[in-house]
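# Examining the three-dimensional arrangement
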Amino acid sequence: GNPVIGQASSLKDAVTVPGAALKGEWSETPANPGIYTATYTAQTVGTALKATLKVSDGNVESAATYAITAGVVAALHSTIKLDKASYKSGEAMKLTVTLKDAAGNAVSGQTASLKDAVTVPNATLKSGSGWTDNRDGTYTAMYTADKVGVNLQAKLTLNGVSATSDAYAITA
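Read on for an overview of the structure. Just so it is clear, the structure is predicted and the values come from calculations on it, not from any experiment.

## Section: the layout of surface pockets
Considering only enclosed or pocket space, the largest pocket measures out at about 270 Å³ in volume. Forming the boundary of the largest pocket are 13 residues, of which Leu-11, Val-15, Leu-53, Lys-54 and Val-55 lie nearest the centre. If one sorts the elements of the lining of the largest pocket by residue count, strand S5 (residues 52-55) sits on top with four residues. A breakdown of the residues in the lining of the largest pocket according to their chemical character gives nine nonpolar, three polar and one charged.

Structure, rendered in structure tokens:
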């Protein structure tokens, strides 16, 4: 068919790009009238995604699929929390770390990194335990409260991102 020129402004509402947001405006390529370009910013994780163009006689779906994966861990959405504020020496402590990127997407695959990235004062990682990836951006691990202390805080330091838990205490 023949190129359709002068339609850049109508593409904003006619094109759907799942998981992404239009950055700027659509523009027609000066050297090739009827050919349009735009930049989209990935926002939401997804797989087997397809862009769609709404035309007067229906929808045209892209033949190729694309995937959006989570970005790097961001401080804004990353936390470390304990299940309680007070423990007795020898008691189990459940820690939950949440790792998300700047867009709030879950970051998975970090179990190996968390062993060295998390410090829990006066406690030790429970024997035979490790970090579990819950596949939703959260990770859990069991620690054992050891030495008595007050105003203790668990700390996460991963790839330049830091987070600190609320204060906890360990009593005898």
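Following the structure, the description resumes.
## Some remarks on the pairing of strand S14 (residues 138-145)
In terms of burial, S14 is a largely internal element, seven of the eight residues being buried. Summarising the sheet, strand S10 (residues 92-98) and S14 pair through seven bridges and their orientation is antiparallel. Bridge pairing in S14 places Thr-96 opposite Thr-140. By the bridge criterion, three bridges tie strand S12 (residues 123-125) to S14 in an arrangement that is antiparallel. Within the sheet, the bridge partner assigned to Leu-125 lies in S14 and is Tyr-143. Linking strand S13 (residues 132-133) back to S14 in an antiparallel pair, the connection comprises four residues, with Arg-135 at a positive phi of about 65°.

## Some thoughts on the pattern of salt bridges
One pass over the structure, following the stated rule, counts three salt bridges. When the shortest N-O distance is used, the salt bridge between Asp-133 and Arg-135 registers 3.3 Å. Since its relative accessible area comes to 15%, Asp-133 is described here as buried.

## Brief notes about the packing of aromatic side chains
Under the criterion given, the structure shown has three aromatic pairs. Relative to Tyr-40, the ring of Trp-26 has its centre 6.2 Å away and its plane inclined at 70°; by these criteria the two rings are edge-to-face. With Trp-26 in strand S2 (residues 20-28) and Tyr-40 in strand S3 (residues 36-42), this pair connects stretches of sequence that are 14 residues apart.

## Regarding the nonpolar core
Membership of the largest hydrophobic core comes to 27 residues, with the highest contact counts inside it found for Met-93, Leu-95, Leu-114, Val-118 and Leu-156. At the level of secondary structure, the elements contributing two or more residues to this core comprise strand S8 (79-82), S10, helix H2 (111-117), S14, strand S16 (155-158), strand S17 (161-164) and strand S18 (168-171). Considering each element in turn, this core owes the most residues, four residues, to S14. Contacts of Leu-114, omitting those with residues within four sequence positions, involve Val-97, Leu-99, Trp-131, Tyr-139, Leu-156 and Leu-158. In terms of nonpolar packing, the next biggest core, distinct from the first, is built from six residues, Ala-8, Leu-11, Val-17 and Tyr-36 among them.

## A closer look at a nonpolar patch on the surface
A surface patch of nonpolar side chains, about 200 Å² in accessible area, is lined by Leu-53, Val-55 and Val-60. Mapped onto the elements of the fold, Val-60 is located in strand S6 (residues 58-61). By relative accessible area, Val-60 is classed as partly exposed at 45%.

## As for the pairing of S6
As judged from the four bridges shared by S5 and S6, these two strands associate in the antiparallel manner. Bridging from a neighbouring strand, Lys-54 pairs with Asn-59 of S6. Connecting the antiparallel pair S5 and S6 is a turn made up of two residues.

Each value, and the rule that gives it
Residues numbered from 1 in each chain as written. Predicted model: local features only at pLDDT ≥ 70, side-chain atom pairs only at ≥ 80, totals over all residues. Heavy atoms only, no water. 1 Å grid on protein atoms, 1.4 Å probe; cavity = no way out; pocket = protein on both sides within 12 Å on 5 of 7 lines; lining within 4 Å. Points joined across faces, edges and corners; volume = space filled by probe spheres on them. Helix = DSSP H or I, 4+ residues; strand = E, 2+ residues; numbered from the N terminus. Nonpolar A, V, L, I, M, F, W, Y, C, P; charged D, E, K, R; others polar. Buried < 20%, exposed > 50% of the residue type's maximum accessible area, 1.4 Å probe, protein only. Pairing = 2+ DSSP bridges. Salt bridge = Lys/Arg side-chain N within 4 Å of Asp/Glu carboxyl O. Phe/Tyr/Trp six-rings, centres within 6.5 Å; stacked < 30°, edge-to-face > 60°. Core = buried A, V, L, I, M, F, W, Y, C linked by side-chain atoms within 4.5 Å. Contact = heavy atoms within 4.5 Å. Patch = residues over 30% accessible without salt bridge, like charges linked within 9 Å, V, L, I, M, F, W, Y side chains within 5 Å. Areas by Shrake-Rupley, 256 points an atom, 1.4 Å probe, with all protein chains shown as cover.

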